Every structure is written in structure tokens, then in C-alpha cells.
Amino acid sequence: MSNYFITTEATSDYPPSLEEKDFAIIPMSYSICGKDYDGDGNKLSPKEFYDACRNAKTKEDLPTTAMVTAYAAKEFFTPILKKGYDVVHVGFSSQLSGTFDQICAAAKELKEEFPDRRITVIDSKAACFVEGLIAYYALRARDNGADYDECVKLVSDLADKAAGFFTIEDINHLCRTGRVSKAEAFIGSTLHIKPILHIDPQGKLVPVSKAISKKRAMRTIVGLAKENMLPASEQKLVGIGHADAYDDALVLEKMVKEELGTENTVIFDVGSVIGSHVGAGMLAVILLCKDKTLR
């Protein structure tokens, strides 16, 4: 048994196939087509969620998400602390949600209730499996003998190195979130432009390029990953993400292995919380880079 838990949120899109121990994920709620889901016992499968997105007929049918509250965070952490574990929490980017501040507030209260326990909340400056990849490395380090303080330092360091490169199928989703104007979205849709996005050093999801076709967009995100990545020998795992686009993810995985020289990959589903903001068809390459400043 480890003496500390590693935790993160549902925004990490952590693949269940990795089967971690002493690890827990805070569920996050969302709504779509007039129905509410708590992301835990009551949730849609990725296929069901993206089909609902495609079938949305009105603005009210489109998905929305809610941040984790301090109360929900306390309810989540309390059983872990009661069992005698300390906690290292890999948090969703503070630049993308108020969830980080809510979890910090919960941690402050819990430290008063459990003075003998440690709980450290670290801003991953990330979302999607960029956040999850940090948790992955933290879990490997802990299971190889890293103590609590060493794990906290590792997570803090990786927050500046774990990076993601994304392409979006429908530019209108960026219009909904205010990252492009209505005019840009109209022109982009007409010309079938695929935006290329990156999580910047502050933890914001920002457009960095664009491509005319999905194939070119995939080549672009692989090229960006290659230009910015740490050596292949330092990549314990590379994430290939998709939003109900598994066949495209297989093609992308092949490109990553050929171009980046990395063999250990995992294909993961982009979950409902991140999917609410990027829509069906998103593809991603996630790995460790020198830093998050693009070359």
C-alpha cells in the first residue's frame, strides 16, 4: 500500500485501461439535450455523448459543464484522508475553470479537519490527457519509491513540460467559447478549415495554426509535437486522443510512431467534459516537451 493517493479530475480523460492503484478521479457533471449527468453513476458513454452532440437541434441542446464545488471536493477527499492517506492532486488548469480554486478551498478546510494528513493541490496548467499524463508520471514515480515531497516536485516540474497539440473538426465550437469570431467561424466552415490548438505555458487552450483538411491537420499536430518534444527515449507514454474518431486515432498513432520514434502509446477517449467544448472529431497528440513555448 502506498502512503499517499494521487488524484485528478475527469477533465484528465485518464484511460481506464491503465488500471492504476491508490488513484482516484473526481467526477464532473455536464448537461446535454436538457438532461443532467453527474459524470459518476449517471453518465453517457463517449459514443452516446457525441451522438447527442451531433443530434443537437437547438442552442439549448448543446452540452454545458459545471465546475467541481468545494463541497463536492471535500466529499471526494474525506474518505481517502480518513483511511490514512496523504493526497497529491493534479488539478485542472486554473486558467480554464474555477475548479482549481474550489479544490484549493476544500483542501484548506480539510487540512484543519485532518491536521496529520497532507493534501497538496498543484495546477497542471493543462486539460485533457495533458493533465492525465502528469498523473501518469506521478503514479510511476510513486510506485517506484518516490516519497511525497519528491512526487509533489515532479508534478510541479511536469506542469511546465506536458503538452498537447489538438485539431478540431468543427471551428464553430471555438466560436461558442469565444476563441474565434463568428466571421472567422463562418469562413472556416465554408473552407473546411481545421484549427490547430495548443495548451500554452499559462494553461490556456489557444489556436496556433490551421489546415485545410483533416489529413493536413493531423500532419501539422504531429509536426508540432516533433519540433517541441523531449527525446523519444524520455517519453514513457504518448497519448493519442479522439472524440468519437477512433479510426482517425489509429492513423494518427501510426504517424506518431513513425515520425516521433515512440512506441509506447495509448489511445484514449476525449470525455464528455472536454468534449463539451471541442465537439466530436477532435484529435490530439500529448507528450512531454522541452517546455510549453512553441518553437
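In the block above lies the structure referred to throughout.
Residues numbered from 1 in each chain as written. Predicted model: local features only at pLDDT ≥ 70, side-chain atom pairs only at ≥ 80, totals over all residues. Heavy atoms only, no water.

Our focus in this paragraph is the nonpolar core. Ranked by size, the top nonpolar core spans 54 residues in total, and within it I6, V88, F166, V270, M282 and I286 carry the most contacts. By residue number, the principal contributor to this core is helix α4 (residues 128-143), which donates eleven residues. Beyond its immediate stretch of four places on either side in the chain, V270 contacts D13, Y50, C128, G241, H242, A243, G275, V278 and M282. Grouped together as the second largest cluster of nonpolar side chains are 23 residues, A217, M218, I221 and V256 included. (Core = buried A, V, L, I, M, F, W, Y, C linked by side-chain atoms within 4.5 Å. Buried < 20%, exposed > 50% of the residue type's maximum accessible area, 1.4 Å probe, protein only. Helix = DSSP H or I, 4+ residues; strand = E, 2+ residues; numbered from the N terminus. Contact = heavy atoms within 4.5 Å.)

Below, the discussion takes up the pattern of salt bridges. Under the definition given, this model contains 19 salt bridges. Connected through shared salt-bridge partners, K47, D51, R54 and D244 make up one network. (Salt bridge = Lys/Arg side-chain N within 4 Å of Asp/Glu carboxyl O.)

Before going further, it helps to examine the sheet that holds strand β8 (residues 162-167). Within the open sheet, the six strands sit side by side as β10-β9-β8-β13-β11-β12. Their pairing is mixed. Strand pairing shows two members of the sheet lacking a second neighbour, β10 (205-211) and β12 (265-269), which therefore form its edges. On average, each strand axis in the sheet is inclined to that of its neighbour by 20°, with strand direction left out of account. Note that β8 and strand β9 (residues 194-199) share three bridges and pair antiparallel. Looking across to β9, one finds that F166 is bridged to L197. Contacts between α4 and the sheet are confined to β8, β9, β11 (238-242), β12 and β13 (283-288), with β13 contributing the most and set at about 30° to the helix. (Pairing = 2+ DSSP bridges. Axes fitted to C-alpha atoms, helices over the stretch in contact; angles between N-to-C directions.)

Here α4 spans 23 Å end to end across 16 residues, near enough to the 22 Å set by a 1.5 Å rise per residue. Among the 16 residues in α4, 14 count as buried, and that is most of the element. At the exit of α4 stands G145, carrying a positive phi of roughly 110°. (Expected span 1.5 Å × (residues − 1).)

Geometrically, a pair of aromatic rings is defined through the distance of the ring centres and the angle of the planes. Scanning all chains against the criterion turns up ten aromatic pairs. Measuring from ring centre to ring centre gives 5.7 Å for Y30 and F49, while their planes differ by 85°; the resulting arrangement is edge-to-face. Linking Y30 in strand β3 (residues 30-32) with F49 in helix α1 (residues 46-55), this pair joins segments that are 19 residues apart in sequence. As far as the burial class goes, Y30 and F49 line up, both buried. With a centroid separation of 5.0 Å and an interplanar angle of 80°, the aromatic rings of F49 and Y50 are classed as edge-to-face. Using a relative accessible area of 0% as the deciding quantity, one classes Y50 as buried. Each member of the aromatic cluster is reached from another via a ring pair, and the members are Y14, F23, F129 and F268. R140 extends its terminal NZ or CZ atom over the ring of Y136, reaching a point 4.4 Å from the ring centre. (Phe/Tyr/Trp six-rings, centres within 6.5 Å; stacked < 30°, edge-to-face > 60°. Lys NZ or Arg CZ within 6 Å of the ring centre and 35° of its normal.)

The next point concerns helix α3 (residues 99-113). With 15 residues, α3 ought to run about 21 Å at 1.5 Å a step, and its terminal C-alpha atoms sit 21 Å apart, in line with that. Residues T99, F100, I103, A106, A107 and L110 constitute the buried set of α3. An end-on view of α3 places all buried positions within 120° of arc, on one side of the element. Exposed residues on α3 whose side chains face more than 90 degrees from its buried face are D101, K108 and E112. Lining the buried residues of α3 we find β1 (4-9), β2 (23-26), α2 (70-82), β6 (86-91) and β7 (119-123). (Arc of directions from axis to C-beta.)

Moving on: the side chain of D13. For D13, the location among the structural elements is in the loop between β1 and β2. In this structure D13 is buried but unpaired, with K43 as the nearest side chain of opposite charge at 10 Å. Apart from the residues within four sequence positions on either side, D13 is in contact with C128, F129, F268, D269, V270, G271 and I274. (Lys, Arg positive; Asp, Glu negative; His and termini not counted.)

Attention shifts here to the state of the cysteines. Enumeration over the complete set of coordinates arrives at zero disulfides. In this structure C53 is not part of a disulfide, and its nearest cysteine sulfur, from C33, lies 7.7 Å away. (Disulfide = S-S within 2.5 Å.)

The buried fraction of β7 amounts to four of the five residues, a majority that puts the element mostly inside the structure. Pairing analysis gives five bridges linking β6 to β7, with the strands arranged parallel. The residue bridging V88 from the neighbouring strand is T120, located in β7. Between the parallel elements β6 and β7, the chain passes through α3 in a crossover that is right-handed. (Right-handed = clockwise from strand over helix to strand, strands pointing away.)

From the geometry alone we can't say anything about function, so treat these as descriptive.
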